[in-house]
Amino acid sequence: MKASTKAHIAVLGTNVFFAANYSLVKLISPSLIGPFGLNLVRVGISLVLFWTAWLFSRKNAGFQKKDIGRFVLCGISGVAVNQMFFIRGLTMTSTIHASLLILVTPLLVTLFALWVLKEQFTVPKVAGLALGICGSALLILQKESGQHAPDYLLGDAFILINSISYAIYFILVKPLMETYSTLHVIRWVFSFGFLLILPFGLGETTGAQWEAFETRHILALLGVSVTGTFLAYFFNAYGIQHLGAGITGTYIYTQPVFAVIIATFILGESFTLPKLAAALLIFAGVYLVSHKKKRPADGQ
């Protein structure tokens, strides 16, 4: 099997795992463990798995001094800020809201490229950003209630911050993937990320209701930690290395589909027509900012 084919399969698996996280997190947080505590546990378990995998790989553990700052920034954007705001926001809003708002990530990448990298403004990009913003606003304005969305407005805001952080991570990690192996990069990113979230999650971890965990809660915790974090991040990094950040990022469009299906069966959430309208606006916006006009071949 070609490396590119493996990468496509890995990235698709990544988004299935991420989609499952939306429902699995709600089964245990915040009822049994606080969101920051859950984040510390999932990152800690994944970190142990990454280092264990490296021990068996017997590859070089070091990195160049000039890359230390980038590794730290990836730890901040890709693990600390990204994951803390994601878990916290998810416990406050609905699964469907969160999964659709994640689609804002490609729009933010485009906005950063226009602003920071001074890429050219085009009509499709401006229209795409406008549609994406309208879709996000429409989604956020739809009131959510019930045990799965106790404070949906603040939760939606946290999910948006998570998307901003993840978009920054996508841009920062690409140069590291061109220099080091996938396992090497992700292992150090999680090492720095774990140290950064430790002060925030330690209290909630020690104060968790571990005695109340049933088999289904333990399985949910393992799902969030092993498949939803360890494998998801490893597969995603593998995709970035072999396919590039652009193609890997497009697979995020599949995530809400999987998330809605899983949430419907596990949590009983409903997908309404206004939510569908918001989703279509966001999808249209992402398509416009991502679509590249084909150039005519030489001689035509």
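Below is a short write-up of the structure. (Residues numbered from 1 in each chain as written. Predicted model: local features only at pLDDT ≥ 70, side-chain atom pairs only at ≥ 80, totals over all residues. Heavy atoms only, no water.)

The subject of this paragraph is the environment of Ala137. The topology assignment puts Ala137 in helix 6 (residues 123–141). Taking the C-alpha atoms as reference, Ala137 lies 8.2 Å from Ala278; in sequence the two are 141 residues apart. (Helix = DSSP H or I, 4+ residues; strand = E, 2+ residues; numbered from the N terminus.)

The next thing to look at is the packing of helix 2 (residues 35–57) against helix 8 (residues 182–206). At a closest axis distance of 8 Å, the pairing of helix 2 and helix 8 adopts a crossing angle of 150°. When the interaxial angle is binned, helix 2 and helix 8 end up roughly antiparallel. Seen along the crossing, helix 2 lies across helix 8 with a hand that is left-handed. A per-class count over the contact of helix 2 with helix 8 returns 19 nonpolar, eight polar and two charged. (Axes fitted to C-alpha atoms, helices over the stretch in contact; angles between N-to-C directions. Parallel < 35°, antiparallel > 145°, perpendicular 65-115°, else oblique. Left-handed = near helix turned anticlockwise from the far one by under 90°. Nonpolar A, V, L, I, M, F, W, Y, C, P; charged D, E, K, R; others polar.)

By size, the foremost hydrophobic cluster in this structure holds 32 residues, and its most contacted members are Phe71, Tyr169, Val185 and Phe190. Put simply, the parts of the chain that give this core at least two residues each are helix 2, helix 3 (68–90), helix 7 (152–179), helix 8 and helix 9 (215–243). Residue contributions to this core peak at eight residues, all from helix 8. If we skip the residues at most four places from it in the chain, Phe71 touches Phe63, Leu176, Tyr180, His184, Val185, Trp188, Val189 and Phe192. Core analysis: the second largest hydrophobic core is formed by 30 residues, Ala20, Leu24, Ile96 and Leu103 among them. (Core = buried A, V, L, I, M, F, W, Y, C linked by side-chain atoms within 4.5 Å. Buried < 20%, exposed > 50% of the residue type's maximum accessible area, 1.4 Å probe, protein only. Contact = heavy atoms within 4.5 Å.)

Glancing now at helix 1 (residues 3–28). With 26 residues, helix 1 ought to run about 38 Å at 1.5 Å a step, and its terminal C-alpha atoms sit 37 Å apart, in line with that. Of all the bends in helix 1, the largest measures some 30° and sits at Asn21. (Expected span 1.5 Å × (residues − 1). Bend = angle between axes of the 7 residues up to and from the residue.)

The geometry of helix 3 relative to helix 7 is characterised by a closest axis approach of 8 Å and an angle of 155° between their N-to-C directions. Considering their axes alone, helix 3 and helix 7 lie roughly antiparallel with respect to each other. Of the two possible hands of crossing, helix 3 and helix 7 adopt the one that is left-handed. Of the residues belonging to the contact of helix 3 with helix 7, the class tally is 19 nonpolar, seven polar and two charged.

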